[in-house]
Amino acid sequence: MDTNASTTAFALPGGQSILSSASVDIQMPMAAQILAERLGRSDLDCTLLFASPEADTKAFAEMASGVFRPGKVLGCTSAGEIDSTGYTHGKVLGVGLPRSHFRTASIAFTEGEAHSTGALVRKILTARSRLNREAPDWPNEFAILLIDGTKLREDEMMARVASALGPVPMVGASIGCAEAEEPAMVFGSDGTGHGAVLLQVRTRCPVRTFRTDHFHPTSRRMVVTRADPERRLALEINGVPAAREYARLLRLDPETLTEADFTANPLVVRVGTDHHVRAIRCATPEGALQFHSALGEGMVLTVAAGEEMVMHLERELAALSLPVAPEMILTFDSLLRRLEATRSNRLASLSRILTRRRVRGFSTTGEQQGGMHMNHTMTGLAIYAPGTTRGPR
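This one's a predicted model, so the numbers in the text were calculated from it and none came from an experiment.

Cut-offs applied
- Residues numbered from 1 in each chain as written.
- Predicted model: local features only at pLDDT ≥ 70, side-chain atom pairs only at ≥ 80, totals over all residues.
- Heavy atoms only, no water.
- Pairing = 2+ DSSP bridges.
- Helix = DSSP H or I, 4+ residues; strand = E, 2+ residues; numbered from the N terminus.
- Axes fitted to C-alpha atoms, helices over the stretch in contact; angles between N-to-C directions.
- Buried < 20%, exposed > 50% of the residue type's maximum accessible area, 1.4 Å probe, protein only.
- Right-handed = clockwise from strand over helix to strand, strands pointing away.

A. Molecular detail of the sheet that holds strand β14 (residues 207-212). Strand order in the open sheet made by the six strands is β6-β5-β24-β23-β27-β14, with mixed pairing throughout. Looking at strand neighbours, the two that pair on one side only are β6 (86-88) and β14, the edges of this open sheet. Each neighbouring strand pair of the sheet contributes to a mean axis angle of 20°, computed without reference to strand direction. Pairing analysis gives three bridges linking strand β5 (residues 81-83) to β6, with the strands arranged antiparallel. Looking at β6, one finds that I82 is bridged to Y87.

B. Broad picture of the pairing of strand β4 (residues 72-77). Counted residue by residue, β4 has five buried out of six residues, so it is predominantly covered. Across six bridges, the pairing between strand β3 (residues 44-51) and β4 is parallel. Counted as the bridge partner of L48 is L74 from β4. The parallel pair β3 and β4 is bridged by helix α2 (residues 57-67), and the resulting crossover is right-handed. As judged from the two bridges shared by β4 and strand β11 (residues 186-187), these two strands associate in the antiparallel manner. Directly across from C76, in β11, lies its bridge partner V186.

Written out as structure tokens, the structure is:
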């Protein structure tokens, strides 16, 4: 018996299942077959798979592509999973979308197509048109985009796809190299790796996308005065070497800056009326700061202060349950949040909230909502039973 497995069915009052989820240890023999058995349905239009890179991801993807036929597969490596027990690791999580409530179209993009707006738009519009014909009376749509951040520039790709989708809400994540022997991988129904895969979904279920982080801007601002956008490097801030100026504003030692310093002291950039985290990856030996997402000269960055994580998450997820709780909340949750929670001994408390609020998903190296690429953020999608009223966006 696998004591490291979990299975959950999310059903209507009459017993019909809207969604199902299950997880198993990724290193179990026949993990894909066991996961399919635990999901317990033969009518899945698509299965989402989020797999720890502790095993041979390529072999797992090839096996899953056969096991879940004739349904589609959309999957990737994770930096940690979120199953029915909350934060976990070393697992593969499966989320099943049955044909009774979902119709899906999966598109894998080559690198050439990812950089060709025309090719990208044609593929997306063709898939959306097909879904409209399959389920013309189903009123709701959403899309999930997974990008291999080691192959493609997430910021540019997300913006192009969001533009092509128009009003269709999109969430997703970029996948980076985890601290494991196996490389990052995004895969589709063919079981092979791709630079990016887009899943377009039409559904009977009301849906609501969201994003949240527990930071707010302070009055301490800085301007990127010299940058290398290709490598996401801030070379100078306020006219002086970037790492030195960042350390001065935070009252830190510029010679000993660590990942923990950057996680505890992120920067935010204002976009419209909102602020988005621009997390720092590391300080270079030359005194530059390398970021996880795009930046450029003239960008104004603001030092952020954090709210208590447990209270913040409870409040944000509770808001998704007004006036009725979702059947599932599918999340793309920053690895930086997991690291921060681990360092502050809040992981268990957060896991209890994730379990109670029916959250499933994985830890990412970059998050997205619409065309925005973010860090240190939780984005996702709340899925409600047909006929229920979702809360305001």
